Amino acid sequence: MTKSNMQIRDLLMQAESQAAQKDWPRAIESYEAVLRLRPGDANVLVQLSYVHSLAGHYRMARDYALQAAAAKPGEPRVLKELIARLRTFNEAGALHDCIARLPPLEQVGIPLLLAFAAQLSYLNEQDHALLFLDEAKRA
């Protein structure tokens, strides 16, 4: 593991610990330090969206969620968190952009299919949500 990767790992652990202690300003500082080392990291952007929300910074939280969407993450865990953030801010267009980047639904894991179905349902897009649920059932 390189020195930079160790530094990133330590900063992420520190940020998670600070967030668990509800020390939002310090958690934000730590996540922003990681972002300086890994610009455009979708996971870090999503985490910054969460901590800014918890700190009461709605606009910053929304901005970070949109930046995470622009990073076009493909990792299912990050994508699940991202689409929940996008729906929180009623950013249906960005959520639909995430859907457009998915591989064919038969190649998407069941947990991610269910996450998309839930978020689409929350947006009152029941017919679209059913496509994801039908694929999850088939799988």
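To be clear, the structure that these remarks concern was listed above.
Definitions and cut-offs
Residues numbered from 1 in each chain as written. Predicted model: local features only at pLDDT ≥ 70, side-chain atom pairs only at ≥ 80, totals over all residues. Heavy atoms only, no water. Helix = DSSP H or I, 4+ residues; strand = E, 2+ residues; numbered from the N terminus. Rg over C-alpha atoms; globule rule 2.2 N^0.38 Å. Contact = heavy atoms within 4.5 Å. Areas by Shrake-Rupley, 256 points an atom, 1.4 Å probe, with all protein chains shown as cover. Phe/Tyr/Trp six-rings, centres within 6.5 Å; stacked < 30°, edge-to-face > 60°. Buried < 20%, exposed > 50% of the residue type's maximum accessible area, 1.4 Å probe, protein only. Expected span 1.5 Å × (residues − 1). Arc of directions from axis to C-beta.

A. Seen up close, the overall build of the protein. Of the regular secondary structure elements, the protein holds eight helices and zero strands. Along the protein, helices (α) and strands (β) appear in the sequence α-α-α-α-α-α-α-α when read from the amino end. Its C-alpha atoms give the protein a radius of gyration of 16 Å, within 12% of the compact-globule value 14 Å for 139 residues. Viewed in the frame of its principal axes, the protein has a C-alpha envelope of about 45 × 35 × 25 Å. Summarising the internal contacts of the protein: among those between residues at least 6 apart in sequence, 50% fall at separations of at least 24. With the model as given, the accessible surface of the protein reaches about 7,800 Å², and the carbon-plus-sulfur share is 53%.

B. Representation of the packing of aromatic side chains within the structure. Enumeration according to the criterion identifies two aromatic pairs in this entry. With centroids separated by 5.1 Å and ring planes inclined at 70 degrees, the aromatic side chains of tyrosine 58 and phenylalanine 89 adopt a geometry described as edge-to-face. In this pair, tyrosine 58 sits in helix 4 (residues 58-70) while phenylalanine 89 sits in the loop between helix 5 (76-88) and helix 6 (92-100), placing the two residues 31 residues apart along the sequence. Their ring planes at 20 degrees and their centres at 5.5 Å tell us that phenylalanine 116 and phenylalanine 132 sit as a pair that is stacked. With phenylalanine 116 in helix 7 (residues 110-122) and phenylalanine 132 in helix 8 (residues 126-138), this residue pair connects regions lying 16 residues apart in the sequence. Residue phenylalanine 116 shares its accessibility class with phenylalanine 132, and that shared class is buried.

C. Layout of helix 7. Across its 13 residues, helix 7 extends 18 Å between first and last C-alpha, which sits within 8% of the 18 Å expected from 1.5 Å per residue. Every buried residue of helix 7 is listed here: Leu112, Leu113, Ala115, Phe116, Ala117, Gln119 and Leu120. Tucked inside the fold, the buried residues of helix 7 contact helix 5, helix 6 and helix 8. Asparagine 124, located one to two residues past helix 7, shows a positive phi value of around 65 degrees.

D. Quick look at helix 6. If you check which residues of helix 6 are buried, you get Ala94, Leu95, Cys98 and Ile99. Buried residues along helix 6 cover an arc of 155 degrees about the axis, so they all sit on one side. Summarising the contacts, the buried residues of helix 6 are in contact with helix 4, helix 5, helix 7 and helix 8.

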